[in-house]
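For reference, the chains in residue letters:
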Amino acid sequence: MRRPPTQRGAPPGAGLPLGADRARATLNRLQLLVTRRLDGLLQGDYLGLLPGPGSEPGESREYRPGDDVRRMDWPVTARTTVPHVRQTIADRELETWLAVDLSASLDFGTARSLKRDLVIAAAAAVAHLTVRGGNRIGAVVGTHGQLRRLPARPGRKEAQGLLKALADTQPRPGRADLGELIDALNRPPRRRGQAVVVSDFLADPATWGRQLRKLAVRHDVLAIEVLDPRELELTNVGVLMVADPETGAVHEVQTADPRVRAAYAAGAAAQRTAIASAIRAAGAAHLRLRTDSDWLLDIVKFVAAARHARTRGTTR
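Remember, it's a predicted structure, so these values are computed and weren't measured experimentally. (Residues numbered from 1 in each chain as written. Predicted model: local features only at pLDDT ≥ 70, side-chain atom pairs only at ≥ 80, totals over all residues. Heavy atoms only, no water.)

Colleague: An account of the side chain of T96 is needed here, citing residue identities and associated values.
Modeller: Residue placement: T96 occurs in strand 4 (residues 95–101). We classify T96 as buried; its relative accessible area is 0%. Each residue touching T96, except ones within four places of it in the same chain, is listed here: V126, T130, R136, I137, G138, Q194 and V196. (Helix = DSSP H or I, 4+ residues; strand = E, 2+ residues; numbered from the N terminus. Buried < 20%, exposed > 50% of the residue type's maximum accessible area, 1.4 Å probe, protein only. Contact = heavy atoms within 4.5 Å.)

The following block contains the structure:
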């Protein structure tokens, strides 16, 4: 199973403004929502979105199982006869790059929003969590046959401009080359920073797994996977006419047949397992957002867990 079906008839998100107007309306709501609910996580000095080890030396603390032995503080260990490690603090000026997949398969949704809206929402949350104190954020946006680079700049105004550019990106039939999109974050080579890949990852992992592993060698990588519940299972609604959003091919599916629903669910589960395995093999952090859940709460939980792991001296 490569791509989710899109139900014909009343499109998901019916009643919302279409095209750029709908995207901008969604973005305007996001600005206030993200600010109100995420600001509580940003008290104090910047600590980064991901639980990476940072680069500036900090204080020493006692060694705990799972700590990186390369951070052993040997002078303190010798003085106290107790193993200690040197904590590190994230860089004060961080550069974050987004790889944003806006393939045609993102124009799908059967719950609270389209997956495309969820992609923009995830980008808005990442920007809000990272752009402060001179930190820069940039993006590479992928649609079918086209890559667009938005330079990394500091400041909230510039971040808002980047988000508007994402929201204004017009859908194009077909799928973006996810491997090429991810690889664009490796060019030109940059000092260590954060890289966030936002996609539904429906392309074969063999086409993007190597590029993700290469990216994670130099940067702290977060893969944000967006999905809709109908990509995991079908409901019994009788005969359903569905269209592939990337090719336009139309199929008739008999959802009343339990064997069809079972086969679909099994294929979807295998697909998601392969995606998760490829992300884990690359050494990237993995955040899954769904159109039928509170995506902002999911991001808050992820960030809180990452920061808790960091304070305990562990990494991903």
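Colleague: Requested: an account of helix 6 (residues 209–218), with residues and values cited.
Modeller: Among the residues making up helix 6, those that are buried are G209, Q211, L212, L215 and A216. Taken around the axis of helix 6, the buried residues stretch over an arc of 160°, which confines them to a single face. Seen from the open side of helix 6, the exposed residues pointing more than 90 degrees away from its buried face are R210 and V217. Along its buried surface, helix 6 packs onto helix 5 (178–183), strand 7 (194–199), strand 8 (220–227) and helix 7 (258–281). (Arc of directions from axis to C-beta.)

Colleague: Run through helix 7, naming residues and quoting values.
Modeller: The terminal C-alpha atoms of helix 7 lie 34 Å apart, and with 24 residues this matches the ideal 34 Å at 1.5 Å per residue to within 8%. Of all the residues in helix 7, the buried ones are Y264, A268, Q271, R272, I275, A276, A278 and I279. Contact partners of the buried residues in helix 7: helix 6, strand 8 and strand 11 (285–290). In the segment just after helix 7, G283 is the residue with positive phi, at about 80°. (Expected span 1.5 Å × (residues − 1).)

Colleague: Please provide a residue-by-residue account of the sheet that holds strand 5 (residues 136–143), values included.
Modeller: Across the sheet, 6 strands lie side by side as 6-5-4-7-8-11; this open sheet has mixed pairing. Every interior strand has two partners, whereas the edge strands, strand 6 (146–154) and strand 11, have only one. For this sheet the average axis-to-axis angle between neighbouring strands, irrespective of direction, equals 15°. Two elements, strand 5 and strand 6, share 7 bridges in a ladder whose sense is antiparallel. Bridge assignment links G142 to a residue of strand 6, and that residue is L147. Each of strand 4, strand 5 and strand 6 is contacted by helix 4 (residues 156–168), which is oriented at about 165° to strand 6, the strand it contacts most. (Pairing = 2+ DSSP bridges. Axes fitted to C-alpha atoms, helices over the stretch in contact; angles between N-to-C directions.)

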